[in-house]
Amino acid sequence: MTVLKDVLLILHFVGLAAVIGAFLFQVRRKGGFETNWVIIGLVTQLVTGLGLMGVIDATTDGGANHVKLGVKLAVALVALVLAFVARARQKRADAGQAKDKAALPFFHSAGALAIANVLIAVIW
């Protein structure tokens, strides 16, 4: 189980790097956001996070902190929804059907929530 936990944790960090790296790379843009890596990273984090929760519950006497993990799950799901909205708005902007900055608040909110999730994981 230790190997499984380590593999899931490494993949969880890879997902984190994809989300925050893609966000920070594009944070100064006003439009033309590439959301693919953000979405891939968020999905990776969700799947591996749920797997980690299961492994921790199975191997730890006290189990996982379900309140903390529930908050992290909710934040990650909201970030994923915002990333999908940013993708849709960006496609509309690229097609000339919306303003160039239509995706900006959604993209920035998704990235900020991903960073907030890291803070929750470390500080709580």
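Residues numbered from 1 in each chain as written. Predicted model: local features only at pLDDT ≥ 70, side-chain atom pairs only at ≥ 80, totals over all residues. Heavy atoms only, no water.

## Looking at the nonpolar core
How we decide: Put simply, buried Ala, Val, Leu, Ile, Met, Phe, Trp, Tyr and Cys residues joined by side-chain atoms within 4.5 Å make one nonpolar core. Buried means the residue's accessible area, taken with a 1.4 Å probe over protein chains only, is under 20% of the maximum for its type, while exposed means over 50%, and partly exposed covers the values in between. Put simply, DSSP H or I for four residues or longer makes a helix, DSSP E for two residues or longer makes a strand, and each gets a number counted from the N terminus. Residue contacts are defined here by distance: any two heavy atoms, one from each residue, within 4.5 Å place the two residues in contact.
Core analysis: the biggest nonpolar cluster contains 20 residues, and Val19, Ile20, Val38, Leu42, Leu80, Ala83 and Phe107 have the highest contact counts within it. At the level of elements, α1 (2-26), α2 (36-59), α3 (66-94) and α4 (104-123) are the ones that each hand at least two residues to this core. Top contributing element to this core by residue count: α3, with 6 residues. Apart from the residues within four sequence positions on either side, Ile20 is in contact with Ala114, Ile115 and Val118.

## A look at the packing of aromatic side chains
Condition: Two aromatic rings, drawn from Phe, Tyr or Trp (for Trp, its six-membered ring), form a pair once their centres lie within 6.5 Å of each other, and the interplanar angle then sorts them: stacked below 30 degrees, edge-to-face above 60, tilted otherwise.
Overall, the coordinates contain 2 aromatic pairs when judged by the stated rule. Centroid distance Phe23 to Phe107: 5.8 Å. Interplanar angle 45°. Geometry classified as tilted. Within this pair, whereas Phe23 is found in helix α1, its partner Phe107 is found in helix α4, the two being separated by 84 residues in sequence. Of the two residues, Phe23 and Phe107, neither departs from the other in class, the shared state being buried. Relative to Phe107, the ring of Phe33 lies with its centre 4.4 Å away and its plane at 20°, an arrangement referred to as stacked. Taken together, the residues span a long stretch of sequence, with Phe33 in the loop between α1 and α2 and Phe107 in helix α4 at a distance of 74 residues.

## Concerning the layout of surface pockets
The line we're drawing: Grid spacing is 1 Å over the protein atoms alone, the probe is 1.4 Å, and a cavity is where that probe fits but cannot get out, while a pocket is an open set with protein on both sides within 12 Å along at least five of seven lines and lining residues have an atom within 4 Å of a point. Grid points are joined across faces, edges and corners, and a volume is the space filled by probe spheres set on the points. Side-chain classes follow a simple rule in which Ala, Val, Leu, Ile, Met, Phe, Trp, Tyr, Cys and Pro form the nonpolar group, Asp, Glu, Lys and Arg form the charged group, and the remainder, Gly included, forms the polar group.
There is about 620 Å³ of room inside the largest pocket. For the largest pocket, the lining is made up of 25 residues, of which His12, Gly49, Leu69, Lys72 and Ala121 are closest to its centre. Listed by contribution, the elements that provide at least two residues to the lining of the largest pocket are α1, α2, α3 and α4. The element that contributes the greatest number of residues to the lining of the largest pocket is α2, accounting for 7 residues. Partitioning the lining of the largest pocket into residue classes produces 16 nonpolar, 6 polar and 3 charged.

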